[in-house]
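# Report on the structure
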Amino acid sequence: MLVNSVSQLRYFVHRTLSSASIVVRRAVRTQSLLRHTTGKNSAMEMGEESQAEPDRTCRSNGNDQCQKVSLLEAAVDPLPNSETLPGIKNEETVITEGKAEIIFPSANEVFYNPVQEFNRDLTCAVITEFARKQLRPKGIQVLGPGEEERQKIVVNLAESETTGTAAGSGDAPVIKKTANVGEKCEGGIRVLEGLAASGLRSIRFAKEVPGIHSIVANDFSSRAVELMKRNIELNGVQHLVTASLADASMLLYESRRRRDRFDVIDLDPYGSPSQFIDAAVQAVGEGGLLCVTCTDMAVMAGNSGETCYSKYGAMSLKSKFCHEMALRIILHNLDLRANCYQRYIVPVLSVSVDFYIRVFVQVFTGQAKVKASASKQALIYNCVGCGTFHIQRMGKMIRHGNNYKYTASLGPPVGADCEHCCQRHLLGGPIWAEPIHDQDFVKRVLESVERNPQRFKTSDRILGMLSMVKEELPDCPLYHTMDHLSSVIHCNTPSLLQMRSALLHAGYRVSLSHASKKAVKTDAPSSVIWDIMRCWVKMHPVKREKLSESSPAFRILSKEPVLQACFDIREDANPKSRKQGLKRFQENPEANWGPKARAKVGGGIHQPLEDKSKRLQNKRKQKSNAPHYGKTIPCKKFREGNCTYGEECRYSHQEEIETTHNRE
């Protein structure tokens with residue numbers, strides 16, 4: 001009996017220890033999966049990306065680059081990839097962003113840029129508020145992440161207070177049902193991502209944006225669609241996201257019928273979205289949201305004005321206000337395309353961020369409203385000497401009772417030469433001359449992010465960016481920059497507070513701009529701006545004897561100021577976003593950041609292209625006056641057979657170097 005009791009006791013202890021081991025092992029695996037899901041190891045806040053980049057990737061078998069995991073993860077989670085996230089192949093990485101996890105090939109087969117996490121975070125916030133706005137009239141209450149407890153209490157209190165009152169009283173719609181994150185909402189919004197690549201953006205919509213009925217994640221690459229399907233399955237959003245293999249333009253054109261239109265269309269292409277805009281303005285529903293990203297900033301910022309005209313129907317100018325002008329060019333193009341189909345746009349939010357611009361517009365239908373579109377566009381006269389700009393509307397509206405008469409504008413607003421420096425003008429545009437933000441909508445998005453700042457990794461920058469957007473003057477297109485004004489007349493640069501105070505003392509409105517940290521937006525005319533700078537020069541003199549009589553500085557300073565500026569600092573000169581120290585402009589997030597290389601079949605980047613990029617990096621800064629400088633660069637005129645310098649030419653006439661550079 002004693003032997004049997006001891007044997008039973010040993011068996012019981014053995015089973016208990018085995019069960020405890022299994023429980024611990026399952027707990028470790030669950031903790032690992034939860035850590036991947038919540039994204040605690042991917043600190044992708046835009047101001048800290050250089051430090052957070054090594055924690056972004058998980059283990060991958062056979063890839064040394066993917067072994068950059070934290071020591072805590074390596075100690076707590078010793079299980080291989082096949083046990084934690086099944087289906088991961090060699091040479092693949094698991095990337096966590098927001099609540100989404102995506103499998104990403106190490107080769108450059110599918111495009112992904114981590115620097116644009118701010119873009120994706122902002123889009124999730126905007127679509128959440130758009131869904132709330134669109135679904136409330138239908139009696140659907142949209143609850144964003146972190147809002148469940150607060151919203152339920154408010155609804156319960158309202159129900160208890162209105163007990164015994166007549167149903168349907170008041171203007172607020174009756175809440176019939178609630179839309180939560182991750183749930184399919186009948187009667188919710190339909191979303192299309194035209195160029196989805198890995199599907200990260202669509203998966204984040206499914207897991208972070210409430211009120212969604214369905215999402216179509218489309219791409220033209222079969223490799224991308226194959227990866228997209230795996231990512232959809234990995235995140236368990238098959239009930240919301242559908243992968244599509246099609247040409248984005250054709251898919252949009254096939255969705256032009258009213259019943260097939262999408263409530264939200266997101267276009268984030270590599271480079272210019274111009275080829276998709278015509279189809280997109282037709283495929284978005286009435287009052288639907290169109291989200292467009294442009295990364296071809298070299299074209300839109302004035303380096304290639306003729307290319308900008310061929311793509312967007314507007315001539316870009318190389319000026320200090322080029323970033324806001326780029327926003328207004330794409331808005332002009334969207335409205336122009338929509339007008340062809342008796343539709344028009346209403347900008348909701350337009351931002352210039354890092355190396356790209358992002359616009360959110362609603363599209364409506366109305367023939368009467370379309371007639372007013374000409375008065376919303378404008379040409380720009382920009383002086384080549386002092387940089388002064390003037391806005392010329394292309395049309396105007398004259399009201400007669402309840403009706404309007406539409407006529408062409410009178411102009412030009414300037415003479416043949418600039419009134420300040422006697423230089424010529426460049427003509428740019430047309431651009432969108434109306435407000436580029438909906439201040440009420442921006443306020444709601446800002447309040448939503450403030451309620452739950454842990455929702456996004458880049459919440460600090462979203463709060464700073466939207467705070468500046470809310471402070472901008474809506475009816476003052478473009479801006480001046482302090483460094484440019486000072487460089488024209490060769491003087492010290494006044495501070496932003498001094499310039500803003502001078503404009504406020506003169507009786508004009510003034511604000512900063514999110515597009516440039518040195519920008520000043522104001523309704524003051526250019527003559528007042530230069531009078532203030534003349535008064536500043538009287539306080540901080542320049543050496544006028546060194547100025548050429550034909551220079552803009554000499555001609556501007558030769559006139560006496562009509563306005564006597566006061567530079568005493570005013571309390572209202574410093575905006576709230578600046579007082580609170582909000583993160584408005586970030587530092588470089590990582591080395592060699594910016595637009596990534598285009599994805600290509602087979603992946604990888606051509607090695608000679610990387611070598612060429614390194615060789616030409618900062619070549620202008622390293623330029624030397626030595627006689628041998630340029631001998632490594634082939635002479636174009638020699639190749640054409642018309643170089644007249646012979647041996648004295650500073651560039652190389654060697655065929656070997658020329659052939660090498662041609663191959664590169």
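Residue positions within a chain follow its written sequence, with the count starting from 1. The predicted nature of this model means local features are confined to residues of pLDDT at least 70 and side-chain atom pairs, given and counted, to a pLDDT of 80 or more, with totals for whole chains, interfaces and linings taken over all residues. The basis for the side-chain values is all heavy atoms of the structure; hydrogens and waters are excluded.

Turning to the overall build of the chain, a few remarks are in order. Runs of H or I in DSSP of at least four residues are treated as helices and runs of E of at least two as strands, each being numbered from the N terminus. When helices and strands are counted, the chain shows 24 helices and 19 strands. Each residue is placed in one exposure class: buried if its accessible area under a 1.4 Å probe, protein chains only, is under 20% of its type's maximum, exposed if it is over 50%, and partly exposed if it falls in between. When each of the 664 residues of the chain is scored for burial, the buried share is 48%. Here the contacts in the chain between residues at least 6 apart in sequence split such that 69% fall between residues at least 24 apart. In this description, accessible areas are obtained by the Shrake-Rupley approach with a 1.4 Å probe, and a residue is regarded as covered only by the protein chains that are shown. For the chain, the computed accessible surface area is about 33,300 Å², with 52% contributed by carbon and sulfur atoms. We call two residues in contact whenever any of their non-hydrogen atoms come within 4.5 Å of each other.

What follows covers the sheet that holds strand 7 (residues 241-245). Taken in spatial order, the seven strands of this open sheet run 7-6-5-8-9-11-10, and their pairing is mixed. For this open sheet the edge positions go to strand 7 and strand 10 (343-353), each flanked by a neighbour on one side alone. Along the sheet, successive strands turn relative to each other by an average axial angle of 15°, direction set aside. For two strands to pair, DSSP has to find at least two bridges joining them. Bridge count for strand 8 (residues 262-267) against strand 9 (residues 284-294) is five bridges, and the pairing is parallel. All axes are obtained by fitting lines to C-alpha atoms, using only the stretch in contact for helices, and the reported angles, taken between N-to-C directions, cover 0 to 180 degrees.

The subject of this paragraph is helix 8 (residues 222-235). An expected span of 1.5 Å times one less than the residue number is assigned to each helix. Along its 14 residues, helix 8 runs 20 Å from first to last C-alpha, staying within 8% of the 20 Å computed at 1.5 Å per residue. The set of residues buried in helix 8 consists of Ala224, Val225, Leu227, Met228, Arg230, Asn231, Ile232 and Asn235. Buried residues in helix 8 make contact with strand 1 (92-97), strand 2 (100-105), helix 7 (200-208), strand 6 (212-219) and strand 7. Phi turns positive, to about 65°, at Gly236, one or two residues after helix 8.

Let us now look at the sheet that holds strand 13 (residues 389-393). Sheet architecture is open: three strands sit in the order 13-12-16, paired in antiparallel fashion. Pairing within the sheet leaves two strands with one partner each, and these edge strands are strand 13 and strand 16 (425-432). With strand direction ignored, the average angle separating the axes of adjacent strands in the sheet is 25°. Alignment of strand 12 (residues 377-383) against strand 16, held across six bridges, turns out to be antiparallel. Among the inter-strand pairings, Ala378 is bridged to a residue of strand 16, identified as Ile431. Across the sheet, helix 13 (residues 322-339) lies against strand 12 and strand 16, angled at about 55° from strand 16, the strand it touches most.

Here the focus is the side chain of His514. Examined against the element boundaries, His514 turns out to sit in the loop between strand 18 (510-513) and strand 19 (516-522). Polar contacts, as counted here, are pairs of nitrogen or oxygen atoms within 3.5 Å of one another; within protein the pair requires one atom able to donate a hydrogen and one able to accept it, and residues that are adjacent in sequence qualify only if both atoms are side-chain atoms. Side-chain polar atoms of His514 contact the backbone nitrogen of Ser352, separated by 3.0 Å. At a separation of 2.6 Å, a polar atom in the side chain of His514 contacts the side chain of Glu472.

On the surface, a cluster of nonpolar side chains totalling about 270 Å² of accessible area is made up of Met397, Tyr404 and Tyr406. By relative accessible area, Tyr404 is classed as partly exposed at 40%. Note on patches: the residues involved have over 30% relative accessible area and no salt bridge, like charges join within 9 Å, and the nonpolar side chains Val, Leu, Ile, Met, Phe, Trp and Tyr join within 5 Å. The salt bridge criterion pairs a side-chain nitrogen of Lys or Arg with a carboxyl oxygen of Asp or Glu, the two atoms within 4 Å.

Before going further, it helps to examine the nonpolar core. Definition of nonpolar core: a set of buried residues of the types Ala, Val, Leu, Ile, Met, Phe, Trp, Tyr and Cys, connected through side-chain atoms within 4.5 Å. Membership of the largest hydrophobic core comes to 56 residues, with the highest contact counts inside it found for Leu122, Leu289 and Leu349. Of the residues forming this core, the biggest block, nine residues, is contributed by helix 5 (residues 117-135). Counting residues in hydrophobic clusters, the runner-up holds 48 residues, among them Leu251, Leu252, Ala314 and Ile330.

With the rule as written, the count across this model stands at 22 salt bridges. Between Asp268 and Arg201 there is a salt bridge; the shortest N-O distance is 2.4 Å. You can see Asp268 sitting in the loop between strand 8 and helix 10 (274-283) and its partner Arg201 sitting in helix 7, a full 67 residues away along the chain. Given a relative accessible area of 17%, Asp268 falls into the buried group.

As a further point, take the packing of helix 5 against helix 16 (residues 459-471). In contact at an axis separation of 10 Å, helix 5 and helix 16 are set at 70° when each is read in the N-to-C sense. Here helix 16 runs roughly perpendicular to helix 5, going by the angle between their axes. Relative to helix 16, the crossing made by helix 5 is right-handed. Facing Phe118, Asp121 and Leu122 of helix 5, the residues of helix 16 in contact are Arg461, Ile462, Met465 and Leu466. Residues of the contact of helix 5 with helix 16, tallied by class, amount to five nonpolar, no polar and two charged. Roughly parallel here means an angle under 35 degrees, roughly antiparallel means over 145, roughly perpendicular means 65 to 115, and every remaining angle is called oblique. Crossing handedness follows the turn of the near helix against the far one: under a right angle anticlockwise gives a left-handed crossing, and clockwise gives a right-handed one. For this classification, Asp, Glu, Lys and Arg are treated as charged, while Ala, Val, Leu, Ile, Met, Phe, Trp, Tyr, Cys and Pro are nonpolar and the rest, including Gly, are polar.

What follows is about the pairing of strand 13. Across a regular strand the side chains alternate sides, sitting on one face of the sheet and then on the other. As paired elements, strand 12 and strand 13 share five bridges and run antiparallel to each other. Bridge assignment links Ala378 to a residue of strand 13, and that residue is Arg393. Where strand 12 folds back on strand 13, the antiparallel hairpin that results is connected by five residues, among which Gly387 adopts a positive phi of roughly 80°.

Before going further, it helps to examine the packing of aromatic side chains. For any pair of aromatic rings, geometry is given as the distance between the ring centres together with the angle between the planes. Centres within 6.5 Å are what make two rings of Phe, Tyr or Trp a pair, Trp counting through its six-membered ring; a difference in plane orientation under 30 degrees is then read as stacked, over 60 as edge-to-face, and the rest as tilted. Applying the stated rule across the entire model yields four aromatic pairs. A centroid spacing of 5.2 Å and a plane angle of 70° characterise the contact between Phe355 and Tyr356, whose relative ring orientation is edge-to-face. Comparing Phe355 with Tyr356, the two get one shared label, buried. Summarising the aromatic geometry, the rings of Trp536 and Phe567 are spaced 5.3 Å apart at their centres and angled 65° between planes, so their arrangement reads as edge-to-face. Remark: Phe567 occurs in the loop between helix 20 (552-557) and helix 21 (576-579) and Trp536 occurs in helix 19 (residues 526-539); sequence separation between them is 31 residues. Side by side, Trp536 and Phe567 carry an identical accessibility label, which is buried. A cation sits over an aromatic face here: Arg190 above Phe262, 4.5 Å from the ring centre. Put simply, a charge is over a ring when the Lys NZ or the Arg CZ is close to the ring centre, within 6 Å, and near the line of the ring normal, within 35 degrees.

Take the packing of helix 17 (residues 482-489) against helix 19 next. Direction vectors running N to C along helix 17 and helix 19 enclose 65°, while the axes themselves pass 11 Å from each other. Read as a crossing pair, helix 17 and helix 19 show a hand that is right-handed. Of helix 19, the residues touching helix 17 (which contributes Leu485, Ser486, Val488 and Ile489) are Ile529, Trp530, Met533 and Val537. When its residues are assigned to classes, the contact of helix 17 with helix 19 shows seven nonpolar, one polar and no charged.

The predictor's confidence in any single residue is recorded as pLDDT, a number from 0 to 100. Confidence along the chain averages 80 in pLDDT terms, with 73% of residues attaining 70 or more. Across residues 149-170, where pLDDT falls below 50, the model places five contacts with residues more than four positions away in sequence or in other chains. Every residue in residues 656-664 scores below 50 in pLDDT, and together they form twelve contacts with partners more than four places removed in sequence or on other chains.

With respect to the element layout, Asn218 can be found in strand 6. On the accessibility criterion, Asn218 (0% relative accessible area) is buried. A polar side-chain atom of Asn218 sits 3.1 Å from the main-chain carbonyl oxygen of Ala246. Excluding residues that lie within four positions of it along the chain, Asn218 makes contacts with Leu192, Glu193, Gly194, Leu195, Ala196, Met228, Ser244, Leu245, Ala246, Asp247, Ala248 and Leu251.

Another point: unusual backbone geometry. Cis geometry is found at the peptide bond from Gly411 to Pro412, where omega equals 0°. With an omega dihedral of 5°, the bond running from Gly429 to Pro430 counts as a cis peptide bond. Assignment of secondary structure puts Pro430 in strand 16. Even without glycine at this site, Asp354 takes up a positive phi of about 50°. By secondary structure assignment, the location of Asp354 is in the loop between strand 10 and strand 11 (356-365). With phi around 60°, His490 is a residue other than glycine that occupies positive phi space. Among the structural elements, His490 can be located in the loop between helix 17 and helix 18 (496-505).

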